[in-house]
Amino acid sequence: MEIKKYAAIDIGSNAVRLLVSNVIVQENSPTHYRKSSLVRVPVRLGADAFTTGVISENNQNRMINTMKAFKLLMDVHGVEKYKACATSAMREAKNGQEVIEKIYKESGVNIDIINGKTEAAIISATDLNELILGDKSYLYVDVGGGSTELTFFSNGKIIASKSFKMGTVRTIDKETHKEINKKIKSWIENKSEGLTKIALIGSGGNINKIFKMSTRAEGKPLSYIYMRAHYKFLKQMTYEQLISELGLNPDRADVIIPASKIYINAMKWSGAKNIYVPKIGLADGIIKALHSGKLDE
């Protein structure tokens, strides 16, 4: 048996995460990935990038301190390989590249800005295989702070994938929001034509939280009826109630409702009656891609 320690840093629009995993390799046995540590810091880069178009001085300093802390954590864990990936907020900020260079100079952490297609490919290379087998079709939906990644699977293969600039932190006016919604609806309806038995697979912090609140057993899906009822329940609560009564973090309480709406719409437009919520995300995908050699350190 061989145990390797890898780390993934996911720099999203709403939060920054460090995942440290034990990768257990055994002969004649599948590789196992065991979470050793997960740290989440709510540095809301999207609040800068999607409003002013630049990462502010304050958030630059917070990012530098976060990366310094992550570097120390990786050192004490004995991490042998890591990869840091930044998504929509950093790629859309005019000073994104400049900020990344500054972070590297100050902390020694090297960050790659990845596009929506790469992001979707890394996530969908995780544990989806267990779900997408058989004659069913699936629409994989990952809702982030700055973008939503959509991928259709049929007969175990990817048949279509697209990234849309619709996220929970991204502030867009009503008209633009309507326009993007129309494009997403049209794309989903077009790609789901001829597919039967479609189910959704959801990923992202918000759907994970919704699933946890449902107290469903792991592996069991949430129904469209449940999602709609839960959305109505959340909508009638104030921001303060979501924090005090439901125990949501402040940076989750203001994004969980718009995120729910995106998942519900995707279910409605694809005709899916259920949504599965496996424990997957960009960080998990990075760990697996590092092990398989699909991502360079």
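This text follows the structure it describes.
Parameters at a glance
- Residues numbered from 1 in each chain as written.
- Predicted model: local features only at pLDDT ≥ 70, side-chain atom pairs only at ≥ 80, totals over all residues.
- Heavy atoms only, no water.
- Helix = DSSP H or I, 4+ residues; strand = E, 2+ residues; numbered from the N terminus.
- Buried < 20%, exposed > 50% of the residue type's maximum accessible area, 1.4 Å probe, protein only.
- Contact = heavy atoms within 4.5 Å.
- Areas by Shrake-Rupley, 256 points an atom, 1.4 Å probe, with all protein chains shown as cover.
- Core = buried A, V, L, I, M, F, W, Y, C linked by side-chain atoms within 4.5 Å.
- Pairing = 2+ DSSP bridges.
- Salt bridge = Lys/Arg side-chain N within 4 Å of Asp/Glu carboxyl O.

In this section: the overall build of the chain. The helix and strand inventory of the chain stands at 13 helices and 11 strands. With the C-alpha coordinates aligned to their principal axes, the bounding extent of the chain is approximately 50 × 50 × 35 Å. Relative to its full complement of 297 residues, the chain shows a buried share of 51%. Partitioning the intrachain contacts of the chain with sequence separation of at least 6 by distance along the chain shows that 65% fall at a separation of at least 24. Split by element, the accessible area of the chain, about 14,400 Å² in all, is 49% carbon and sulfur.

What follows deals with the nonpolar core. Judged by nonpolar contacts, the single largest core of 38 residues is most densely connected at Ile 188 and Met 227. At the level of secondary structure, the elements contributing two or more residues to this core comprise strand S6 (137-143), strand S7 (148-154), strand S8 (157-164), helix H7 (174-192), strand S9 (198-203), helix H8 (205-214), helix H9 (224-235) and helix H12 (256-270). Looking at this core, the element that brings in the most residues is H12, giving 9 residues.

Glancing now at the sheet that holds S9. Taken in spatial order, the 6 strands make up an open sheet running S8-S7-S6-S9-S11-S10, and their pairing is mixed. Each edge of the open sheet carries a strand with a single partner, namely S8 and strand S10 (222-223). Here 2 bridges tie S10 to strand S11 (residues 274-276), and the two strands are oriented antiparallel to one another. Residue pairing for S11: Leu 222 is matched across the bridge by Ile 275.

This next bit is on helix H13 (residues 282-292). Within H13, 8 of the 11 residues are buried, which leaves the element mostly enclosed by the surrounding structure. When H13 is considered as a whole, its buried residues turn out to be Leu 282, Ala 283, Gly 285, Ile 286, Ile 287, Lys 288, Ala 289 and Leu 290.

What follows deals with the pattern of salt bridges. Applying the stated criterion to the full structure yields 12 salt bridges. Lys 102 is paired through a salt bridge with Glu 57; the nearest N and O atoms lie 3.2 Å apart. Remark: Glu 57 occurs in helix H2 (residues 57-77) and Lys 102 occurs in helix H4 (residues 96-107); sequence separation between them is 45 residues. With a relative accessible area of 51%, Glu 57 lands in the exposed category.

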